[in-house]
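Coordinates in review
Below, each chain spelled out in residue letters.
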Number of protein chains: 2
Amino acid sequence: MSRAIYAPPTSPRINFARGVPANAAIPRSEIELCVKALSCRDDFSPFQYGPAAGPMRLREWIARQHEIDASQVIVANGSVGLFDLFCRVALKPGKLVLVESPCYDRALQLLRIHEADLWPVRIEADGPVIEDIERILATARPSFYYMVPDFQNPSGVVYSLEKRRAVISLARIHGFRLVEDSRYRLLRYRGEPLPSFHELAPDVTLQLGSFSKLLSPALRAAYLLADARTIALVGTMAENIYVTLGNLALSVTAEWLSRGLLEAQVERLRRLYAPRLAAMIAALEEYSPSNRFLRPEGGFFLGLTLNASVDAATLATQAARAGIDLADGARFFVEPPRQPFLRLPFCAMDEETIRHGVRRLAEILARS
Amino acid sequence: MSRAIYAPPTSPRINFARGVPANAAIPRSEIELCVKALSCRDDFSPFQYGPAAGPMRLREWIARQHEIDASQVIVANGSVGLFDLFCRVALKPGKLVLVESPCYDRALQLLRIHEADLWPVRIEADGPVIEDIERILATARPSFYYMVPDFQNPSGVVYSLEKRRAVISLARIHGFRLVEDSRYRLLRYRGEPLPSFHELAPDVTLQLGSFSKLLSPALRAAYLLADARTIALVGTMAENIYVTLGNLALSVTAEWLSRGLLEAQVERLRRLYAPRLAAMIAALEEYSPSNRFLRPEGGFFLGLTLNASVDAATLATQAARAGIDLADGARFFVEPPRQPFLRLPFCAMDEETIRHGVRRLAEILARS
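Report on the accompanying structure. Not measured: the values here are computed from a predicted model.

Reading the values: rules and limits
Residues numbered from 1 in each chain as written. Chains lettered and ligands numbered in written order. Predicted model: local features only at pLDDT ≥ 70, side-chain atom pairs only at ≥ 80, totals over all residues. Heavy atoms only, no water. Helix = DSSP H or I, 4+ residues; strand = E, 2+ residues; numbered from the N terminus. Buried < 20%, exposed > 50% of the residue type's maximum accessible area, 1.4 Å probe, protein only. Contact = heavy atoms within 4.5 Å. Areas by Shrake-Rupley, 256 points an atom, 1.4 Å probe, with all protein chains shown as cover. Lys, Arg positive; Asp, Glu negative; His and termini not counted. Charge placed at Lys NZ, Arg CZ, Asp CG, Glu CD. Phe/Tyr/Trp six-rings, centres within 6.5 Å; stacked < 30°, edge-to-face > 60°. Lys NZ or Arg CZ within 6 Å of the ring centre and 35° of its normal. Axes fitted to C-alpha atoms, helices over the stretch in contact; angles between N-to-C directions. Parallel < 35°, antiparallel > 145°, perpendicular 65-115°, else oblique. Left-handed = near helix turned anticlockwise from the far one by under 90°. Pairing = 2+ DSSP bridges. Right-handed = clockwise from strand over helix to strand, strands pointing away. Buried area = accessible area lost by both parts, 1.4 Å probe. Salt bridge = Lys/Arg side-chain N within 4 Å of Asp/Glu carboxyl O. Polar contact = N/O pair within 3.5 Å; in protein donor to acceptor, adjacent residues only side chain to side chain. Nonpolar A, V, L, I, M, F, W, Y, C, P; charged D, E, K, R; others polar. Least-squares fit on C-alpha atoms with pLDDT ≥ 70 in both.

For chain A, the count of helices and strands is 13 helices and 13 strands. Dimensions of chain A, computed from the C-alpha atoms along their principal axes, are close to 60 × 55 × 35 Å. Counting only residues that meet the buried cut, chain A has 61% of its 368 residues in that class. By sequence separation, contacts in chain A at least 24 residues apart represent 75% of the contacts at least 6 residues apart. Of the roughly 14,400 Å² of accessible surface on chain A, 51% is carried by carbon and sulfur atoms. Side chains of chain A give 44 positive and 40 negative charges; the mean places of these two sets differ by 4 Å.

Quick look at the structure:
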């Protein structure tokens, strides 16, 4: 009867599993207006086949934003898909790749499909443990280091400027590349932004970015910034593999960006998500003080390290029975961690639901 | 001065290179209306992350159309992209794959990326040379046979019912699968349709289909029909690689199909494209009688086998100088063909342009 205790039939399920934007955050009427505008112009390109690297208008907007040339930008359907394309071009089976520990689970899974030799770098409050990277570099040279330095998925960590510089220095000395996944970068709710790796060191950085969290995930507008040679290689692979992109969705994104709507949207997202993050931190402090967590200043997630011996998969099963969907925390690691870990997304729930969910989760943790 | 002879500056370039739909054939206002309808419903799913296998509404529509279960359908961004996913699941490097000769160049290129061992099967007026398949089967077992049995790309050939049955019989006896690329199937301008391989033999057939030629290529709405186990495997690969699909574009496709707009659209396409095909056949008969070609009853292309010793790449260069863009005909073959081959698309040009283009092309051929 444990089911009845935690989840009476009237109580909706709580999604602590996936980091999705709030429905209310998606500007559907703006998207509709952009489609309308595109559909009455002389230019049919948003409705036709197009270049595999994406509509030039979108590439140019992104290039201007980053003060680079459009030849250094490729657009594709989703940043994981783009990372896959990059791996198909740049990564051979058995090659060494540095990953964060914990690491974005889908990136980890993708790198496993490419049969990369994965080496975890522990993430602490101000970024990676530099000694972990140095220890690996003493005996091997990685192809690249995949990282989410701003509001890391799954922990919420932001790399300090000092650690950014240390990582860049190691990359330059040892000749490996940095793949900077920047998708949460603009979603800062408190504090001041730090320069991105791409800004600090474009010579060793490839930046992945996405409008999925900013506009709508269903448009699949993601991009990769890199040297023109890498972009050309990825573009050729793209052309061979999928011929053309979702031009309508990408042209809508370009239209929306060209209308200057991003800034106001980011403000809206901050106003919507900041109190949700605050509610989650407050609820964890109140209901779950014995478990360790950071207080992120932005992003989509908060990582919780459990002061308990329960394994993450068992916990996920128990929580599911109680109406709470959790991602299996072990999925964020190359090797299962000593202490169980949970990733808690907070954007798509209102404050009351977050508070309620954290309380229920804490009850389950207390029993296990 | 040869440039001036063929292409005075006022003359627009003629695109005999790519098979794209006519701009006038894309129902932009219907697409716009579908977006409008989706953007004011309670259901936010067209604007959110969604299942990697595609929106269930679209899968169900396609399943009903083919009288199968939705578990036997997966939707993805473009049929070449879907074929790539299938190859990632089902094809190991070095495995034998039968391909048509000539073959759709992008499929050929994709199979090369997967390091398949490609064996060409010659295509004649009524389909594949069955003896070519039998000869290969005498010593080896292929993974699958990739084919476009209706209005083949690039030749325009339709497989006869007899040859369909012969191919199916060989597939069943020798235990290989048939990958039926059906994208031009509905675009029949004359004559009666034959049953598809998927209709005749779902036990050995995987069918690729697409709405790119029927609605808009920019929506990237393509599908694969297969047994539920294969679909599940491809779906897992899809989820690992791109997380989610272009839900907005695919939901627009589902909305458009659910409104019953496909039938009228296919009628419109037939009325638009039939006279263009007729114009191309008439122009070839008038200006280029010495070169061999079939008279297709539908589709996007007509294949021309040249009675000349010029190589296809040189010809493409000469034609480009004269304002005509041609695809290098050698790209459609595993090995360069004895006689040069040209693929001529006709859908995106009006009859006058087609006539003019064929006449200019014939002049170039006569000189080379």
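On to the packing of aromatic side chains, then. All names here are of chain A. The tally for this structure, following the rule as stated, stands at 26 aromatic pairs over all chains. Judged by centre distance (6.0 Å) and plane angle (85°), the rings of Y159 and F197 are edge-to-face. Of this pair, Y159 sits in the loop between β6 (144–147) and α7 (161–174) while F197 sits in helix α8 (residues 197–200); the two residues are 38 residues apart in sequence, bridging distant segments of the chain. Aromatic ring contacts, followed pair by pair, group Y184, Y189, Y273, F300 and F301 into a single cluster. The ring of F300 is capped by K213, whose NZ or CZ atom sits 5.6 Å from the centre of that ring.

A few words now on the packing of helix α4 (residues 79–90) of chain A against helix α5 (residues 105–113) of chain A. Packed helices, taken two at a time, are described by the angle between their axes plus the distance between the axes. Residues and elements named next belong to chain A. Relative to each other, α4 and α5 sit at 25°, their axes nearing to 10 Å. If you check the angle between α4 and α5, you find them roughly parallel. Taken as a pair, α4 and α5 cross one another with a handedness that is right-handed. Across the interface between the two elements, V80, F83, D84 and C87 of α4 pack against A107, L110 and L111 of α5.

Right, let's talk about the pairing of strand β3 (residues 96–101) of chain B for a bit. Residues and elements named next belong to chain B. Taken across its 6 residues, β3 has 6 buried, putting it largely inside the fold. Two elements, β3 and strand β4 (residues 117–124), share 6 bridges in a ladder whose sense is parallel. Counterpart to S101 in the pairing with β4 is R122. Handedness of the β-α-β unit built from β3, helix α5 (residues 105–113) and β4 comes out right-handed.

So, on to the sheet that holds strand β8 (residues 205–210) of chain A. Read across the open sheet, the 8 strands follow the order β2-β9-β8-β7-β6-β3-β4-β5 (chain A); overall the sheet is mixed. What marks the edges here is a single partner per strand, and that holds for β2 (73–77) and β5 (127–128) of chain A.

All right, on to the interface of chain B and chain A then. Listed per partner, the contact involves 52 residues of chain B and 52 residues of chain A. Both faces combined, the contact of chain B with chain A buries some 4,400 Å², and carbon together with sulfur accounts for 55% of it. Sorting the residues of chain B by area buried against chain A places R28, F47 and Y49 of chain B first, and these three jointly supply 18% of that buried surface. Between the two partners, chain B and chain A, sit 6 salt bridges. Residue E32 of chain A pairs with K36 of chain B through a salt bridge whose shortest N-O separation is 3.4 Å. Remark: the boundary between chain B and chain A carries 28 residue pairs in polar contact (both at pLDDT 80 or more). Put simply, the parts of the chain that give the side of chain B that touches chain A at least two residues each are α2 (28–39), α4 (79–90), α5, α9 (228–242) and α10 (247–258) of chain B. Top element by residues in the side of chain B that touches chain A is α2 of chain B. It accounts for 7 residues. When the residues that make up the side of chain B that touches chain A are grouped by side-chain class, the tally is 25 nonpolar, 15 polar and 12 charged.

Take unusual backbone geometry next. In this structure, the amide linkage connecting S101 of chain A to the following residue, P102 of chain A, adopts the cis form with an omega of 10°. When you line up the elements, P102 of chain A lands in the loop between β3 (96–101) and α5. Here the bond from N153 of chain A into P154 of chain A is cis, since omega is 20°, no more than 30 degrees from zero. Here P154 of chain A is to be found in the loop between β6 and α7. Phi is positive for F151 of chain B, close to 55°, though the residue is something other than glycine. Secondary-structure assignment places F151 of chain B in the loop between β6 (144–147) and α7 (161–174). Classification of F151 of chain B as buried rests on a relative accessible area of 1%. Although it is not a glycine, R220 of chain B adopts a positive phi angle of roughly 55°. By secondary structure assignment, the location of R220 of chain B is in the loop between β8 (205–210) and β9 (221–225). The exposure class assigned to R220 of chain B is buried, which follows from its relative accessible area of 4%.

As a further point, take the relation of the copies chain B and chain A. In screw terms, the move from chain B to chain A is a rotation of 180° and a rise of 0.0 Å along the axis, fitting with an RMSD of 0.0 Å. In symmetry terms, the pair is related by a two-fold rotation axis. Of the interface residues in chain B, 100% have counterparts in chain A that sit at the interface too, so the contact is made through matching surfaces.

In this section: the sheet that holds strand β10 (residues 292–293) of chain B. Strand-to-strand pairing in sheets goes through backbone hydrogen bonds, with the strands running parallel or antiparallel. All names here are of chain B. Spatially, the 3 strands line up as an open sheet ordered β10-β11-β13, and their pairing is antiparallel. This sheet does not close on itself; its edge strands, each paired only once, are β10 and β13 (341–345). With 5 bridges joining them, strand β11 (residues 301–305) and β13 adopt antiparallel strand pairing. Bridge pairing links F301 to P345 in β13. Relative to the sheet, helix α11 (residues 262–287) contacts β10, β11 and β13, its axis offset from that of β11 by approximately 15°.

Let's shift gears to the environment of P93 of chain B. Residue and element names in this part refer to chain B. Examined against the element boundaries, P93 turns out to sit in the loop between α4 and β3. P93 gets classed as exposed once you look at its relative accessible area, which sits at 56%. Remark: the alpha-carbon pair of P93 and P46, spanning 47 residues in sequence, is separated by 37 Å. When sequence neighbours within four positions are dropped, the list of residues in contact with P93 reads H114 and E115.

Remember, this is a structural readout, not a statement about activity or role.
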